[in-house]
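Listed below are the residues making up each chain.
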Amino acid sequence: MRLADLVAASSTVAASSRRLDKVAALAAFLQRLAPQDVAIAVPFLAGALRQGKIGVGYAVIRQAADVPPAEVPTLVLADVDAAFDEVATARGAGSSTRRVERLRGLFQRATREEQGFLVRLLFGELRQGAVEGVLLEGVAKACSI
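Residues numbered from 1 in each chain as written. Predicted model: local features only at pLDDT ≥ 70, side-chain atom pairs only at ≥ 80, totals over all residues. Heavy atoms only, no water.

Colleague: When you look at the pattern of salt bridges in this model, what are you seeing that I'm missing?
Modeller: Between side chains of opposite charge, a pair can form when the charged atoms approach closely. Using the criterion set out here, one finds seven salt bridges in the structure. Measuring nitrogen to oxygen at the nearest pair gives 3.3 Å for the salt bridge that ties Arg18 to Asp21. Its relative accessible area of 35% is what places Asp21 among the partly exposed residues. A salt bridge links Asp79 to Arg109; its shortest N-O distance comes to 3.0 Å. With a gap of 30 residues between them, Asp79 in helix 5 (residues 77-89) and Arg109 in the loop between helix 6 (95-108) and helix 7 (112-123) connect regions that are remote in the sequence. Since its relative accessible area comes to 24%, Asp79 is described here as partly exposed. Overall, Arg109 belongs to the partly exposed group, its relative accessible area being 36%. Via salt bridges that share partners, Arg50, Asp81 and Asp85 belong to a single interconnected network. (Salt bridge = Lys/Arg side-chain N within 4 Å of Asp/Glu carboxyl O. Buried < 20%, exposed > 50% of the residue type's maximum accessible area, 1.4 Å probe, protein only. Helix = DSSP H or I, 4+ residues; strand = E, 2+ residues; numbered from the N terminus.)

Okay, structure coming up:
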């Protein structure tokens, strides 16, 4: 699944003030996911990373995000997740530089909308209205539970 599709679903959820509309939008998006993307997409939609904290702060994020956006969306969820894995496991001398470089590579491949989403996600400031209860309802509806 493309990151752009998740960002669009997130924008739809954020634009709605009605809980049932949010649940329906989340369910519709989740039904389109391949099984391997579910473990990545659900935390993203909840405003979290599968990896938890990955060891980056304001300065690293701002430095990495200071690149022009891509013109067309090419990132898939697995690409983003792999980048976060690499950033989370960077240790030792030069790890801060490696984190910035890996995140910068991700941001260079991201469109303006994707960049904005990634920055908010990394800062923990997604604020789209998909709180845990709404997301759980969306998952249940997607699974027809």
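Colleague: Is there a simple way to explain the packing of helix 3 (residues 35-45) against helix 5 in this structure?
Modeller: The geometry of a pair of packed helices is captured by two quantities: the angle between their axes and the separation between those axes. Look at helix 3 against helix 5: their axes get within 10 Å of each other, and the N-to-C directions meet at 75°. One element, helix 3, and the other, helix 5, form an angle in the roughly perpendicular class. On the side of helix 3, the interface is formed by Asp37, Ile40, Ala41 and Phe44, while helix 5 contributes Leu77, Ala78, Val80, Asp81 and Phe84. Within the contact of helix 3 with helix 5, the residues separate by chemical class into seven nonpolar, no polar and two charged. (Axes fitted to C-alpha atoms, helices over the stretch in contact; angles between N-to-C directions. Parallel < 35°, antiparallel > 145°, perpendicular 65-115°, else oblique. Contact = heavy atoms within 4.5 Å. Nonpolar A, V, L, I, M, F, W, Y, C, P; charged D, E, K, R; others polar.)

Colleague: Which parts of the structure should I look at to understand the packing of helix 4 (residues 58-65) against helix 7?
Modeller: Where helix 4 contacts helix 7, the axes come no closer than 11 Å and their chain directions differ by 170°. On the basis of the axis angle, helix 4 is roughly antiparallel to helix 7. Facing Tyr58, Ile61, Arg62 and Ala65 of helix 4, the residues of helix 7 in contact are Val119, Leu122 and Phe123. Class assignment for the residues of the contact of helix 4 with helix 7 results in six nonpolar, no polar and one charged.

Colleague: Mind showing me how you'd approach the side chain of Arg99 here?
Modeller: With respect to the helices and strands, Arg99 occurs in helix 6. Comment: no salt bridge for buried Arg99; closest opposite-charge side chain is Glu86, at 11 Å. (Lys, Arg positive; Asp, Glu negative; His and termini not counted.)

Colleague: Got a minute to help me understand helix 1 (residues 3-15) in this structure?
Modeller: For helix 1, built from 13 residues, the straight-helix expectation of 18 Å at 1.5 Å per residue is met to within 8% by its first-to-last C-alpha distance of 18 Å. Within the sequence span of helix 1, burial applies to Leu3, Ala4, Asp5, Leu6, Val7, Ala9, Ser10 and Val13. Here the buried face of helix 1 lies against helix 2 (19-31), helix 3, helix 5 and helix 7. (Expected span 1.5 Å × (residues − 1).)

Colleague: I'm lost on the nonpolar core in this one. Help?
Modeller: The nonpolar side chains of a soluble globular protein tend to be buried, and buried together. Residues Phe44, Phe84 and Leu103 are the most contacted members of the largest nonpolar core, which totals 45 residues. At the level of elements, helix 1, helix 2, helix 3, helix 4, helix 5, helix 6, helix 7 and helix 8 (132-142) are the ones that each hand at least two residues to this core. Discounting residues that sit within four places of it in the chain, Phe84 has contacts with Phe44, Leu49, Gln51, Ile54, Leu103, Leu106, Leu118, Leu121 and Leu122. (Core = buried A, V, L, I, M, F, W, Y, C linked by side-chain atoms within 4.5 Å.)

Colleague: Can you help me understand helix 5 in this one?
Modeller: Residues that lie three or four places apart on an α-helix share one face, since the helix turns once every 3.6 residues. Taking 1.5 Å per residue, 13 residues should reach 18 Å; helix 5 reaches 18 Å between its end C-alpha atoms and fits that length. The secondary structure elements touched by the buried residues of helix 5 are helix 1, helix 3, helix 6 and helix 7.

Colleague: Explanation requested: the packing of aromatic side chains in the structure shown.
Modeller: Note on aromatic pairs: each is described by the distance of the centres and the angle between the planes. Inspection of the entire model under this criterion finds two aromatic pairs. Taken together, a centroid distance of 6.0 Å and an interplanar angle of 70° make the contact between Phe44 and Phe84 edge-to-face. One end of the pair, Phe44, is in helix 3; the other, Phe84, is in helix 5, with 40 residues separating them in the sequence. Take Phe44 and Phe84: they sit in the same class, and that class is buried. Centre to centre, the rings of Tyr58 and Phe123 are 5.6 Å apart; their planes meet at 20°, and the pair counts as stacked. Residue Tyr58 is located in helix 4, and its partner Phe123 is located in helix 7; the two are separated by 65 residues in the primary sequence. By relative accessible area, Phe123 is classed as partly exposed at 28%. (Phe/Tyr/Trp six-rings, centres within 6.5 Å; stacked < 30°, edge-to-face > 60°.)

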